[in-house]
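# Inside the fold
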Amino acid sequence: MTWFWSNLDLLWDRTLDHLILSVPPILLSFLIAVPLGWLANRYRAGRGVILTASGLLYAIPSLPLFFVIPAIVGTSLRSPLNLVIALTIYGVALMVRVVADGLASVDKDVRQSAVAVGYSGWSIFWQVELPLAGPVLLAGLRVVAVSTVSLATVGAVIGAQSLGSLFTDGFQRGIQAEIIAGIVLTVALALLLDGALVLLGRVLLPWTRLAATDRRAVRAARIAEASA
């Protein structure tokens, strides 16, 4: 505990560094996965190829990827951008199937009704399919957020300052408190981002709360009828 209280500034700085490295890949992976998931859902012939290819991205080992990215992008080996790109790739790998399945879960009758009242193809996607698939997409994004925060610690191997730096430094110097602090703060940051996404979902998807309230009301009514 003495080490912890003596290094609050260091812990705060590494937590901010970790947050800065984690948030862009989460956002980028979502923005990239949405059109890919839409293509997989829209064109059945290419669905298997898109989902298989995106899924294989997650099988790429992280350390070799850190060495391949600089050769392709032209960044230095220790550039934090390499980590952001790698985390985005892993996020896309997780998110593409979620987007495709979420869009596929939208009832066909709803789409046909939207067409009947005059919605165009893009309007159906933005105003009907995407909002209705929102809960599924949010669940997938929460998984991506937690996974990204966890994987970002590996960046310490290439010199990217993050909570993972507490692991490497703690191992090298034999400071167990530093290692424990890194683990606890990583978990706390993952929970914080997960909670933030839940709150964001309640703001952007208010109809999901209304639907849940309606379901509870129906269950309560059925229980009351059964006990009468």
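For the structure given in this document, a descriptive report is provided here.

What counts as what
Residues numbered from 1 in each chain as written. Predicted model: local features only at pLDDT ≥ 70, side-chain atom pairs only at ≥ 80, totals over all residues. Heavy atoms only, no water. Axes fitted to C-alpha atoms, helices over the stretch in contact; angles between N-to-C directions. Helix = DSSP H or I, 4+ residues; strand = E, 2+ residues; numbered from the N terminus. Parallel < 35°, antiparallel > 145°, perpendicular 65-115°, else oblique. Left-handed = near helix turned anticlockwise from the far one by under 90°. Contact = heavy atoms within 4.5 Å. Nonpolar A, V, L, I, M, F, W, Y, C, P; charged D, E, K, R; others polar. Salt bridge = Lys/Arg side-chain N within 4 Å of Asp/Glu carboxyl O. Buried < 20%, exposed > 50% of the residue type's maximum accessible area, 1.4 Å probe, protein only. Core = buried A, V, L, I, M, F, W, Y, C linked by side-chain atoms within 4.5 Å.

## Description of the packing of helix α8 (residues 164–173) against helix α9 (residues 176–204)
It is the contact of α8 with α9, at a shortest axis distance of 7 Å, that shows an interaxial angle of 165°. On the basis of the axis angle, α8 is roughly antiparallel to α9. Where α8 crosses over α9, the handedness of that crossing is left-handed. When α8 is examined against α9, the residues Ser165, Leu166, Phe167, Asp169, Gly170, Phe171 and Arg173 are found in contact with a partner set consisting of Glu178, Ile179, Ala181, Gly182, Ile183 and Thr186. Here the residues of the contact of α8 with α9 are counted per class, giving six nonpolar, four polar and three charged.

## Structural notes on the pattern of salt bridges
Applying the stated criterion across every chain, the model contains four salt bridges. As a salt-bridge pair, arginine 47 and aspartate 101 come within 2.9 Å of each other at their nearest N and O atoms. In this pair, arginine 47 sits in helix α3 (residues 44–57) while aspartate 101 sits in helix α5 (residues 80–104), placing the two residues 54 residues apart along the sequence. Residue arginine 47 is classed as buried on the basis of its relative accessible area of 17%. Note on aspartate 101: relative accessible area 34%, which makes it partly exposed. One salt bridge connects aspartate 194 with arginine 142, and the closest N-O pair in it is separated by 2.7 Å. With aspartate 194 in helix α9 and arginine 142 in helix α7 (residues 121–151), the pair connects residues that are 52 residues apart, well separated along the chain. A relative accessible area of 16% places aspartate 194 in the buried class.

## Section: the nonpolar core
Core analysis: the biggest nonpolar cluster contains 33 residues, and Met95, Val99 and Leu137 have the highest contact counts within it. Examining the composition of this core, we find that nine residues originate from one element, α7, more than from any other. Filtering out sequence-adjacent residues up to four positions away, valine 99 remains in contact with Ala33, Val34, Gly37, Trp38 and Leu137.

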